[in-house]
Amino acid sequence: MATLISSDNNSNALNEAVARLKLGQPVAIPTETVYGLAGIASNGQAVAKIFQIKGRPSFNPLICHVDGLVMASKYAHLCQISEGLAKHFWPGPLTLVLREKSGTNIHDLVTADLGTIGIRCPEGLARQIISAVGEPLAAPSANKSGKLSPTNAGHVLDDFKDQDLLVIDNGPSKVGLESTIISVIDGHLTLLRPGSVTIEQIETVCGLKVKTAGNSTGILAPGMMKSHYAPRSKVLLNRTECEPNSAWLGFGNQPFPDNAVRALNLSPDSNLAVAAANLYAYLKQLDGDDIASICVAPIPMEELGIAINDRLTRAAAPRN
Ligand code: TXA
Ligand code: MG
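Residues numbered from 1 in each chain as written. Chains lettered and ligands numbered in written order. Predicted model: local features only at pLDDT ≥ 70, side-chain atom pairs only at ≥ 80, totals over all residues. Heavy atoms only, no water.

1. As for the overall build of the chain
Check the secondary structure of the chain and you find 10 helices and 15 strands. Here the C-alpha atoms of the chain give a radius of gyration of 19 Å, agreeing with the 20 Å that 2.2 N^0.38 yields for 320 residues. For the chain, the C-alpha atoms occupy an extent of roughly 60 × 50 × 35 Å along the three principal directions. Within the chain, the fraction of its 320 residues that count as buried is 56%. Within the chain, counting contacts between residues at least 6 apart in sequence, those at least 24 apart form 67% of the total. (Helix = DSSP H or I, 4+ residues; strand = E, 2+ residues; numbered from the N terminus. Rg over C-alpha atoms; globule rule 2.2 N^0.38 Å. Buried < 20%, exposed > 50% of the residue type's maximum accessible area, 1.4 Å probe, protein only. Contact = heavy atoms within 4.5 Å.)

2. A short note on the nonpolar core
Core analysis: the largest hydrophobic core is formed by 63 residues, its most contacted members being Leu 96, Ile 119 and Ile 129. Dropping the residues within four chain positions of it, Ile 119 is found in contact with Ile 63, Cys 64, Val 66, Ala 72, Tyr 75, Ala 76, Trp 90, Leu 94, Thr 95, Leu 96 and Leu 98. Tyr 229, Val 235, Tyr 280 and Tyr 282 belong to the second largest nonpolar core, which has 28 residues in total. (Core = buried A, V, L, I, M, F, W, Y, C linked by side-chain atoms within 4.5 Å.)

3. Description of the sheet that holds strand S4 (residues 63-65)
The sheet built from 11 strands is open, its strands ordered S1-S8-S2-S3-S7-S4-S6-S5-S9-S10-S11 with mixed pairing. Two strands bound the open sheet, and with one partner strand each, they are strand S1 (3-6) and strand S11 (210-212). Along the sheet, helix H2 (residues 44-54) contacts strand S3 (36-40) and strand S7 (137-138); its crossing angle with S3, the most-contacted strand, is approximately 155 degrees. Docked against the sheet, helix H4 (residues 80-89) engages strand S5 (94-99), strand S9 (180-185) and strand S10 (188-193), running at close to 160 degrees with respect to S5. (Pairing = 2+ DSSP bridges. Axes fitted to C-alpha atoms, helices over the stretch in contact; angles between N-to-C directions.)

4. Brief notes about the packing of H4 against helix H8 (residues 199-206)
The geometry of H4 relative to H8 is characterised by a closest axis approach of 10 Å and an angle of 120 degrees between their N-to-C directions. Between H4 and H8 lies a crossing of right-handed hand. Between H4 and H8, the residues in contact are Ile 81, Gly 84, Leu 85, His 88 and Phe 89 and Gln 201, Ile 202, Val 205 and Cys 206, respectively. Along the lines of polarity and charge, the residues of the contact of H4 with H8 split into 6 nonpolar, 3 polar and no charged. (Left-handed = near helix turned anticlockwise from the far one by under 90°. Nonpolar A, V, L, I, M, F, W, Y, C, P; charged D, E, K, R; others polar.)

5. Things to note about the environment of Ser 102
Here Ser 102 is to be found in the loop between S5 and helix H5 (108-111). Along the primary structure Ser 102 and His 77 are separated by 25 residues, whereas in three dimensions their C-alpha atoms are 9.6 Å apart.

6. With respect to the pattern of salt bridges
According to the stated counting rule, one finds 12 salt bridges in the structure shown. Notably, a salt bridge pairs Arg 239 with Glu 243, separated by 3.4 Å at the nearest N-O pair. For Glu 243, a relative accessible area of 30% puts it in the partly exposed group. Asp 310 is the salt-bridge partner of Arg 311, the closest N and O atoms lying 2.8 Å from each other. Taken together, the salt bridges that share partners define one network made up of Glu 178, Asp 310, Arg 311 and Arg 314. (Salt bridge = Lys/Arg side-chain N within 4 Å of Asp/Glu carboxyl O.)

7. Let's talk about the sheet that holds strand S14 (residues 263-265)
The parallel open sheet is built from 4 strands, whose spatial order is S12-S15-S13-S14. Each edge of the sheet is formed by a strand with only one pairing partner; in this case those strands are strand S12 (234-236) and S14. Going across the sheet, the axis of each strand differs from the next one's by a mean of 20 degrees, ignoring polarity. Docked against the sheet, helix H9 (residues 272-286) engages strand S13 (246-250), S14 and strand S15 (293-296), running at close to 160 degrees with respect to S13.

8. A few points about the pairing of S9
Two faces, one strand: in a regular strand the side chains alternate between the faces of the sheet. In terms of residue burial, S9 counts as a mostly covered element, since 6 of its 6 residues are buried. Side-chain alternation along S9 places Thr 180, Ile 182 and Val 184 on one buried face and Ile 181, Ser 183 and Ile 185 on a second face that is also buried. Here 4 bridges tie S5 to S9, and the two strands are oriented parallel to one another. Bridging across to S9, Thr 95 finds its partner in Ile 181. As defined by bridge partners, S9 adjoins S10 across 5 bridges and the pair is classed as antiparallel. Of the residues in S10, the one forming a bridge with Ser 183 is Thr 190. The hairpin formed by S9 and S10 contains 2 residues between the paired strands, and Asp 186 there has a positive phi angle of roughly 50 degrees.

That is the geometry; function is a separate question.
Put into structure tokens, the structure is as follows:
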């Protein structure tokens, strides 16, 4: 059975999490993006357990979470560009994919033996836990593989209530979408997954152009898999009307369609940050056996809307 512990008593939650992690057990921890299923990245048993309970394919590497640049530099080759980005955006929702240093104790399962390492420094309690553990935590989102990422502790329990898992409850995630992933290899910047840190912000900070990874390049980051982040029901995008027997996910100040079985609005004020924070929770609330589809209103393709549309497109993609 999973156990929930509130982060209100910060030191208690921190100590419990650290103790479990040091025993090689995964712990579900809050981050500013989504909840993560964390294990010590050097502990093969902990990492294997993460893959097992998520049902995640082992070719899909995990992000290593660090408490800052000093810890990152032990595991990754930093250059002026990556260091500048880390200094500017960490702690925060930016993951850098960098060349991995050789001879570190990061387990091969974490990096899928790609020669690169995905690394980010989260905010708040997650960062405190990493500092207390003293080494990186591998943490994918705390959901079953292919499903929606959890933005509150209840979502984690929905997927893992039967597991012997400690879940640290810190309320709803602030950002609500997974981190932006950018690779910085040989001076080239490539966006692997859009997020709340935008290409424009990254280009402004480092003064270089960011390429977007095309669909033909193979899987650079399996978050790029076409079907991902999916609710149970079919998802239909850019709708102006609701299909029969369907749920409606609106955006902006248009009224709900009369025929919708259930309806929610991501942000009546058209605020993209609010929409991102609500996205996964609302898709889960609308989902169910009783509907034919979830129909989603158009979301503008600008700023955070790019990341929201990216996740919605994967949610709408044909499933295997
Ligand atoms: O916001 C986030 O990034 C959250 C929180 C928990 O930190 N984590 C998260 O992890 O979204 P996950 O495992 O669901 O997604 C990580 C993505 C995957 O698409 C993976 O393929 C990619 O990062 N990734 C990790 N290491 C990589 C590497 N060395 N090269 C390319 N992609 C990598
Ligand atoms: Mg995930």
